[in-house]
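Examination of the molecular architecture
Residues per chain, in single letters:
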Amino acid sequence: MLEQPNATPVIIEDGAFLGSRCIVTEGVRIGAGAVLSANVSLTASVPIIDVTGDEPVEHRGSVPPRAVVVPGTRPKEFPAGTYQLDCALIIGWRKESHDERLSLNETLREFELAV
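Here we summarise the structure given alongside this text. A quick note: this is a predicted structure, and the numbers were derived from the prediction, not measured.

Structural notes on the overall build of the chain
- The helix and strand tally for the chain stands at one helix and 11 strands.
- Helices (α) and strands (β) of the chain occur, in sequence order from the N terminus, as β-β-β-β-β-β-β-β-β-β-β-α.
- With 115 residues in all, the chain has 32% of them scored as buried.
- A sequence separation of at least 24 residues applies to 40% of the contacts in the chain between residues at least 6 apart.

Here is the structure:
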């Protein structure tokens, strides 16, 4: 494959699962065992926000290993008003027991999310 000299590759590590209609573009790394649910869209500049703790932790261009990620939005102020911009949310972590069978549906149900 021929790439531009300044191009950064998409890296999807072993055991990662990408759901239907996921978009992963130049410069994004998906960690080993990570799970992206349907419709997650990632670029190097899209915020990936870990909401599993007391405070949000923001990543850009990299999904941590074993993270369970769903699409989301967050508000952004502009002179013309407040609008929702795309982001990705880390809502949980893939457990060792999930390695035998991928259980994205169970994790989504646990957090009462319909995707």
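Here's the deal with the environment of G92
- Inspection of the secondary structure assignment puts G92 in strand 11 (residues 81-93).
- G92 sits 42 residues away from D50 along the chain, and the two C-alpha atoms are 8.3 Å apart.
- Apart from residues no more than four positions distant in its own chain, G92 is found in contact with T52, R66, A67, V68 and F111.

So, the sheet that holds strand 9 (residues 62-63)
- One open sheet holds the three strands; their spatial order is 1-4-9, and the pairing between them is parallel. What marks the edges here is a single partner per strand, and that holds for strand 1 (11-12) and strand 9.
- Summarising the sheet, strand 4 (residues 29-30) and strand 9 pair through two bridges and their orientation is parallel. In the sheet register, R29 faces strand 9, and the bridge partner there is S62.

Overview of the environment of G31
- Counting through the fold element by element, G31 comes out in the loop between strand 4 and strand 5 (35-36).
- Along the backbone, G31 and P65 are 34 residues apart, and their C-alpha atoms lie at a distance of 3.9 Å.
- Beyond its immediate sequence surroundings of up to four residues, G31 is in contact with E13, A16, V63, P64 and P65.

Some points on a nonpolar patch on the surface
- A cluster of nonpolar residues, F78, Y83 and L85, forms a patch on the protein surface that exposes about 280 Å² of accessible area.
- In this fold, F78 is placed in strand 10 (residues 67-78).
- Taking relative accessible area as the criterion, F78 reaches 36% and is therefore assigned partly exposed.

Quick notes on the rules
- Residues numbered from 1 in each chain as written.
- Predicted model: local features only at pLDDT ≥ 70, side-chain atom pairs only at ≥ 80, totals over all residues.
- Heavy atoms only, no water.
- Helix = DSSP H or I, 4+ residues; strand = E, 2+ residues; numbered from the N terminus.
- Buried < 20%, exposed > 50% of the residue type's maximum accessible area, 1.4 Å probe, protein only.
- Contact = heavy atoms within 4.5 Å.
- Pairing = 2+ DSSP bridges.
- Patch = residues over 30% accessible without salt bridge, like charges linked within 9 Å, V, L, I, M, F, W, Y side chains within 5 Å.
- Areas by Shrake-Rupley, 256 points an atom, 1.4 Å probe, with all protein chains shown as cover.
- Salt bridge = Lys/Arg side-chain N within 4 Å of Asp/Glu carboxyl O.

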